[in-house]
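The residues making up each chain are set out below.
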Amino acid sequence: MTDIIDGDAVAAELRSDLRASIETLADAGVRPGLATVLMSDDPASETYVSMKQRDCEEVGIEGIHVEIDPDAPAEELYDTVADLNADPEVHGVLVQMPVPDHVDDREVVRAVDPQKDVDGFHPENVGRLVAGNPRFKPCTPHGVQKLLDAADVETEGADVTILGRSDIVGKPLANLLVQKTDLGNATVTLCHSRTEDLPAKTRDADVVVAAAGVPEMIDGSMLAEGAVVVDVGINRVEADTDKGYELVGDVEFDSAEEKASAITPVPGGVGPMTRAMLLYNTVAAASRQTGVDVELP
Ligand code: NDP
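Residues numbered from 1 in each chain as written. Predicted model: local features only at pLDDT ≥ 70, side-chain atom pairs only at ≥ 80, totals over all residues. Heavy atoms only, no water.

Novice: Quick question: what am I supposed to make of the overall build of the protein chain here?
Specialist: Scanning the protein chain from N- to C-terminus turns up 10 helices and 11 strands. Here the C-alpha atoms of the protein chain give a radius of gyration of 19 Å, agreeing with the 19 Å that 2.2 N^0.38 yields for 297 residues. In terms of its C-alpha atoms, the protein chain occupies a principal-axis envelope of roughly 50 × 40 × 40 Å. A burial count over the protein chain gives 48% of its 297 residues as buried. Looking at the protein chain alone, contacts between residues at least 24 apart form 69% of all its contacts between residues at least 6 apart. (Helix = DSSP H or I, 4+ residues; strand = E, 2+ residues; numbered from the N terminus. Rg over C-alpha atoms; globule rule 2.2 N^0.38 Å. Buried < 20%, exposed > 50% of the residue type's maximum accessible area, 1.4 Å probe, protein only. Contact = heavy atoms within 4.5 Å.)

Rendered as structure tokens:
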């Protein structure tokens, strides 16, 4: 029997544990605050931001949302971030990517106060993660780590093949899994579009994490018997549905499920964990900035 790893259930439990931490903060007169900044009229970005705000409201985090005209000068975004950095009621600042072409996205990432960088993308926080002393673990890789833990997948000594080397998923996940920590100690192979003989690398792995953004590119023939499969991909493909599309992962689920000992579905796998870990980072940020200790799940 293949274990279908239920990201919705794991994320729900995490949110419930976080509510307890938020109550502890409330007892000390602290309400965690997360500011989201949107400089885009892309419908997908609008949806992501409104989901993040809804998640905050549900657990008792104060959501602050700022929208900036996509045609406004870049300085308007930097000034907004500077104001939020200086606001003691705001513990986390997140600028929804992508920003318009006339704004330098690296500059935006650097503009966020590293103490409030709940995405974990500021170079200082990236450096800390690589050095094994993370302040904020980026949400998706952290969510993957928590999912593996919840599914009792042992990473210590495991061969893990990650497909995708982006700064938001593949690279930070590789860095987390190689650390000398309880949920690390793995041997990681990090693959990308120039990797030769990808199937050999995935077939060799105890755990395969797919984060390439290519619909269903990993199938059962590329997996070892009993492998654990984590599908990060979220891809819209045309389909005969009301919306005209459906969401599929980077893994061809049916053939992969036949080989895997455990697998995450899309949707309902990594996606809800990413959202939950943003709340986690916001609570951690509030706790650190106010000096009120809380237990984090
Ligand atoms: P990027 O496009 O930034 O990175 C994709 C990576 O995959 C790159 O390293 C690229 O290689 C590699 N790649 C692409 N095509 C191939 C291929 N055919 N063979 C081998 N490697 C390939 O994507 P993201 O990391 O931002 O996102 C990846 C996927 O995860 C997307 O579907 C995205 O929607 C999803 N996602 C899901 C999240 C969630 O919460 N579940 C959160 C974030 C992303 P190269 O570097 O050589 O170009």
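Novice: For this particular structure, what's the right way to read the pattern of salt bridges?
Specialist: A side chain of one charge can pair with a side chain of the opposite charge when the charged atoms of the two come close. Within the structure shown, the criterion is met by seven salt bridges. Among the salt bridges present, the one from Glu58 reaches Arg19, with a minimum N-O distance of 3.3 Å. In this pair, Glu58 sits in helix H2 (residues 43–59) while Arg19 sits in helix H1 (residues 7–27), placing the two residues 39 residues apart along the sequence. Given the relative accessible area of 43%, Glu58 is considered partly exposed. Between Arg135 and Glu124 there is a salt bridge; the shortest N-O distance is 2.9 Å. Note that Arg135 is positioned in the loop between helix H5 (123–130) and helix H6 (139–150) and Glu124 in helix H5, a separation of 11 residues in sequence. Look at Glu124 and you get partly exposed, because its relative accessible area is 38%. (Salt bridge = Lys/Arg side-chain N within 4 Å of Asp/Glu carboxyl O.)

Novice: Whenever I open this one, the site of the ligand confuses me. Can you help?
Specialist: The environment of the ligand is formed by 21 residues, the closest being Arg165, Ser166, Ser193, Ile234 and Thr274. Contact distances for the ligand include 2.5 Å between an oxygen atom and a side-chain N or O atom of Ser166. Side-chain polar atom of Asn235 to an oxygen atom of the ligand: 3.3 Å apart, as the coordinates give it. Calculation on the ligand without its partners gives an accessible area of 930 Å², and the protein chains cover 68% of this total. At three residues, helix H10 (residues 270–290) tops the list of elements feeding residues into the shell around the ligand. Split by residue class, the shell around the ligand holds 10 nonpolar, 10 polar and one charged. (Near = heavy atom within 4 Å. Polar contact = N/O pair within 3.5 Å; in protein donor to acceptor, adjacent residues only side chain to side chain. Areas by Shrake-Rupley, 256 points an atom, 1.4 Å probe, with all protein chains shown as cover. Nonpolar A, V, L, I, M, F, W, Y, C, P; charged D, E, K, R; others polar.)

Novice: Looking at this structure, I do not really get the pairing of strand E8 (residues 228–231). What am I missing?
Specialist: The side chains of a regular strand alternate between both faces of the sheet. On E8, burial covers both faces: Val228 and Val230 on one face and Val229 and Asp231 on the other are all buried. Two strands pair when backbone bridges link them, and strand E7 (residues 207–210) and E8 are joined in this way by four bridges, in the parallel orientation. Directly across from Ala210, in E8, lies its bridge partner Asp231. Both E8 and strand E11 (residues 262–263) contribute to a ladder of two bridges, which runs parallel. Residue Val229 lies in a different strand from E11, and its bridge partner there is Ile263. (Pairing = 2+ DSSP bridges.)

Novice: So what exactly am I meant to see when it comes to empty space enclosed by the protein here?
Specialist: This model, assessed by the stated rule, comprises one cavity of 30 Å³ or more. Taken as a whole, the largest cavity spans an internal volume of roughly 80 Å³. Taken together, Val93, Leu94, Val95, Met97, Val108, Val109, Val112, Asp117, Asp119 and Phe121 make up the full set of residues lining the largest cavity. Grouping the amino acids of the lining of the largest cavity by side-chain chemistry returns eight nonpolar, no polar and two charged. (1 Å grid on protein atoms, 1.4 Å probe; cavity = no way out; pocket = protein on both sides within 12 Å on 5 of 7 lines; lining within 4 Å. Points joined across faces, edges and corners; volume = space filled by probe spheres on them.)

Novice: I'm lost on the sheet that holds E8 in this one. Help?
Specialist: The strands making up a sheet associate through backbone hydrogen bonding, with each pair oriented either parallel or antiparallel. The parallel open sheet is built from six strands, whose spatial order is E1-E11-E8-E7-E5-E6. Of all the strands in the sheet, the pair left with one neighbour each is strand E1 (3–4) and strand E6 (187–191). With four bridges connecting them, strand E5 (residues 159–163) and E7 associate as parallel partners. The partner of Leu163 across the bridge, within E7, is Ala210.

Novice: Explanation requested: H2 in the structure shown.
Specialist: What sets the pattern is the α-helix's 3.6 residues per turn: residues three or four places apart point alike. Taking 1.5 Å of rise per residue, the 17 residues of H2 would be expected to cover 24 Å, and the 25 Å separating its terminal C-alpha atoms lies within 8% of that figure. For H2, the complete set of buried residues consists of Ser45, Val49, Met51, Lys52, Gln53, Asp55, Cys56 and Val59. Directly after H2, the chain includes Gly60, whose backbone phi takes a positive value near 95 degrees. (Expected span 1.5 Å × (residues − 1).)

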